[in-house]
Amino acid sequence: MVQDLGYLKESPSQTAGPYVHIGCTPNFAGITGVYDTDLGTVMVNDRTLGERITVRGRVIDGAGAPLKDALVEIWQADAAGLYNSPSELRGTADPNFTGWGRCPTSADDGIFTFETIKPGRAPYKDGRRMAPHITFWIVARGINIGLHTRMYFADEAEANAEDPLLARIEHRHRVATLVAPREGSVYTFDIHLQGDKETVFLDI
Amino acid sequence: MSDFSNQKPETGAFFQRDRAWHAPALTPGYKTSVLRSPQKALLSLDGTISEITGPVFGHSILGELDNDLIHNFAKPGESAIGERIIVHGRVLDERGQPVRGALLEFWQANAGGRYRHKKETYLAPLDPNFGGCGRAITGEDGSYRFRTVKPGPYPWPNGVNDWRPAHIHFSIFGHGFAQRLITQMYFEGDPMIWKCPIVTTIPDRNAIEQLIAPLDWANTIPMDARAYKFDIVLRGRRSTLFENRMEGN
């Protein structure tokens, strides 16, 4: 016999279901008067540092249809590459930037939209710099455990070329699934759950 | 957003997720998963600062009735219809340590099994005094509590005659984005738990039982409300004592 490590098991995930909006974005679901606003709808204010951008996209199922009942959350560094989190010990992030956004996909066309800023570069564990990126987390009816992925920026080709996570992708044509093209100030990031264009999802 | 400046925050990467403990992505008995499940292998990576960090929410976001679903949507002087219950417990990590300052959001059907949602089609009536959402932030010991009515079971279009057991949905933020979790709580003694195609996406019976809240007689308030205890476990994290420091640290 040896000592028991005594670790607990993580609570198993269950689908967010079709009514995730009631709990996470009740005002969007028409349940008004309980919370003033839905959390995560505003990430920036007038004083937020950095380049203003719009990130827009869809979550597309294996039949090519956009999910109209998904919930998308993003988490990102500020313009200097710092996270607005107590676990960020490298410095103090921009107090005018939350770094976290939440958006339900539209019931009409399945589009999600975030008004945010372009993040700076943050370090990988070994000190190499990661390319600017936004962490995505997607939940919906039919998704048993939330899906993690990342969005990178098409106009950061040089940084992307030296990014440690992108370098780990064995099938190089799949790197493109994580890189959002830019048009004006809008980046479009479509997330494909299945098929030839299936997004690289992360176990991280 | 707030911090807890009296204790140094932890910065270790999170324990690898035990994917065999969770439901796989593809679970054909739950039909919607068929076209919504990634088919390629996930890219596995030790957490970086992007996942080790995460948003933290201060108590200032909370309203007085946020953890009282019996009253937070009700007209003044009225209350939601149903069996009055208190749900309470602790948010821990896999090391057994309390996760303080964790935001929990919960949502549920009313006592008749009907959600207040425009896509909901079940013929059970809405309760004009029940919205179905609430939230709480854990204390220093990881504890939370809220008051609600026990949700009803309801039928759903999957198989011809599939029903969801009574359940409450939970969304939980830990301290790092890698801990982000959505799950559901079930009630002790409900025979419908084992018939549900969503519950049984989870392959391990012990894992399912981790989601079943026991009746907590000791915390039941006489002549008022029964209590159910539901502890939630988030991923643990490594100590950083012997790990290489990131550049700039």
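It should be emphasised that the depicted structure is a prediction, and the values quoted were computed from it without experimental measurement. (Residues numbered from 1 in each chain as written. Chains lettered and ligands numbered in written order. Predicted model: local features only at pLDDT ≥ 70, side-chain atom pairs only at ≥ 80, totals over all residues.)

**Some thoughts on the overall build of chain B**
Thinking step 1. Helix and strand content of chain B: 2 helices and 12 strands.
Thinking step 2. Walking chain B from its N terminus toward its C terminus, one meets helices and strands in the order β-α-β-β-β-β-β-β-β-β-α-β-β-β.
Thinking step 3. The C-alpha radius of gyration computed for chain B amounts to 20 Å, which stays within 12% of the reference 18 Å derived for 249 residues, consistent with globular compactness.
Thinking step 4. Every one of the 249 residues in chain B was classed for burial, and the buried ones make up 47%.
Thinking step 5. For chain B, the proportion of contacts with a sequence separation of at least 24, taken over those separated by at least 6, is 73%. (Helix = DSSP H or I, 4+ residues; strand = E, 2+ residues; numbered from the N terminus. Rg over C-alpha atoms; globule rule 2.2 N^0.38 Å. Buried ≥ 20, exposed ≤ 12 C-beta atoms within 10 Å, placed from the backbone. Contact = placed C-beta atoms within 7 Å.)

**Focus on the overall build of chain A**
Thinking step 1. What chain A contains, in helices and strands, is 3 helices and 11 strands.
Thinking step 2. Mapped from its N terminus to its C terminus, chain A presents α and β elements in the order α-β-β-β-β-β-β-α-α-β-β-β-β-β.
Thinking step 3. The C-alpha radius of gyration of chain A comes to 18 Å, within 12% of the 17 Å expected for a compact globule of 204 residues.
Thinking step 4. On the principal axes, the C-alpha backbone points of chain A span a range of 65 × 45 × 40 Å.
Thinking step 5. Look at the contacts in chain A between residues 6 or more apart in sequence, and 66% of them connect residues 24 or more apart.

**Side note on the sheet that holds strand S4 (residues 133-137) of chain B**
All names here are of chain B.
Thinking step 1. Here 5 strands make up an open sheet; going across it, the order is S4-S3-S8-S9-S10 and the pairing mixed. The sheet terminates laterally at S4 and strand S10 (212-213), the two strands that pair on one side only.
Thinking step 2. The pairing of strand S9 (residues 181-187) with S10 spans 2 bridges and is parallel. Along S10, the bridge assignment pairs Tyr186 with Ile212. (Pairing = 2+ DSSP bridges.)

**Examining unusual backbone geometry**
Residues and elements named next belong to chain B.
Thinking step 1. Here the phi dihedral of Met223 falls at roughly 60 degrees; this positive angle occurs in a residue that is not glycine.
Thinking step 2. By the element assignment, Met223 lies in the loop between S10 and strand S11 (226-229).
Thinking step 3. Using a count of 5 C-beta atoms within 10 Å as the deciding quantity, one classes Met223 as exposed.

**Focus on the UniProt feature "domain: Intradiol ring-cleavage dioxygenases" (unreviewed entry) in chain A**
Thinking step 1. Summarizing the sequence annotation, UniProt attributes the feature "domain: Intradiol ring-cleavage dioxygenases" (unreviewed entry) to residues 55-83 of chain A in the numbering used throughout.
Thinking step 2. Helix makes up 0% of residues 55-83 of chain A and strand 41%, with an end-to-end C-alpha separation of 18 Å. (UniProt positions renumbered as here; feature names shortened; annotations may be inferred.)

**Describing the interface of chain A and chain B**
Thinking step 1. Listed as interface residues are 68 residues of chain A and, on the opposing side, 81 residues of chain B.
Thinking step 2. Taken together, the elements giving at least two residues each to the side of chain A that touches chain B come down to helix H1 (20-24), strand S5 (133-139) and strand S11 (202-203) of chain A.
Thinking step 3. Per-element tally for the side of chain A that touches chain B: the top contributor is H1(A), with 4 residues.
Thinking step 4. By residue class, the composition of the side of chain A that touches chain B is 36 nonpolar, 21 polar and 11 charged. (Nonpolar A, V, L, I, M, F, W, Y, C, P; charged D, E, K, R; others polar.)

**Digging into the confidence of the model for chain B**
Thinking step 1. Of all residues in chain B, 94% have pLDDT values of 70 or greater, and the mean over the chain is 94.
Thinking step 2. Model confidence for the complex is summarised by a pTM of 0.96, with the ipTM given as 0.97. (pLDDT = per-residue confidence, 0-100.)

**Let's talk about the pairing of strand S3 (residues 100-104) of chain A**
All names here are of chain A.
Thinking step 1. Of all 5 residues in S3, 5 are buried; the element is thus mostly enclosed.
Thinking step 2. On S3, burial covers both faces: Trp100, Arg102 and Pro104 on one face and Gly101 and Cys103 on the other are all buried.
Thinking step 3. Sheet topology places strand S2 (residues 71-76) next to S3; 5 bridges connect them, and they run antiparallel. Among the inter-strand pairings, Val72 is bridged to a residue of S3, identified as Cys103.

**Topic: the UniProt feature "domain: Intradiol ring-cleavage dioxygenases" (unreviewed entry) in chain B**
Thinking step 1. According to UniProt, the feature "domain: Intradiol ring-cleavage dioxygenases" (unreviewed entry) maps to residues 87-115 of chain B in the numbering used here.
Thinking step 2. Measuring from the first to the last C-alpha atom of residues 87-115 of chain B gives 19 Å, for a span that is 0% helix and 41% strand.

**Some thoughts on the nonpolar core**
One broad rule of soluble globular proteins: the nonpolar side chains tend to lie buried together.
Thinking step 1. Core analysis: the biggest nonpolar cluster contains 114 residues, and Val72(A), Ile138(A), Val139(A) and Ile172(B) have the highest contact counts within it.
Thinking step 2. Per-element tally for this core: the top contributor is S9(B), with 5 residues.
Thinking step 3. Those residues in contact with Ile138(A) that lie beyond four places of it in its chain are Val59(A), Ala70(A), Val72(A), Ile143(A), Gly146(A), Leu147(A) and Ile191(A). (Core = buried A, V, L, I, M, F, W, Y, C linked by C-beta atoms within 7 Å.)

**Some remarks on the environment of Val99(B)**
Residue and element names in this part refer to chain B.
Thinking step 1. Here Val99 is to be found in the loop between strand S2 (84-93) and strand S3 (103-107).
Thinking step 2. Distance in space between the C-alpha atoms of Val99 and Ile232 is 9.7 Å, their sequence separation being 133 residues.
Thinking step 3. Every residue in contact with Val99, bar those within four places of it in the chain, is listed here: Val91, Leu92, Asp93, Thr138, Gly142, Gly174, His175 and Leu234.

**Notes on the environment of Val199(B)**
Residues and elements named next belong to chain B.
Thinking step 1. Within the element layout of this structure, Val199 appears in the loop between S9 and helix H2 (205-209).
Thinking step 2. For Val199, a count of 22 C-beta atoms within 10 Å translates into the label buried.
Thinking step 3. Those residues in contact with Val199 that lie beyond four places of it in its chain are Pro165, Ile193 and Ile208.

**Describing the environment of Glu78(B)**
Residues and elements named next belong to chain B.
Thinking step 1. Considering the arrangement of structural elements, one finds Glu78 in the loop between helix H1 (49-52) and S2.
Thinking step 2. Looking at Glu78, the number of C-beta atoms within 10 Å reads 12, which means it is exposed.
Thinking step 3. Residues Glu78 and Pro128, spaced 50 residues apart in sequence, show a C-alpha to C-alpha distance of 9.8 Å.

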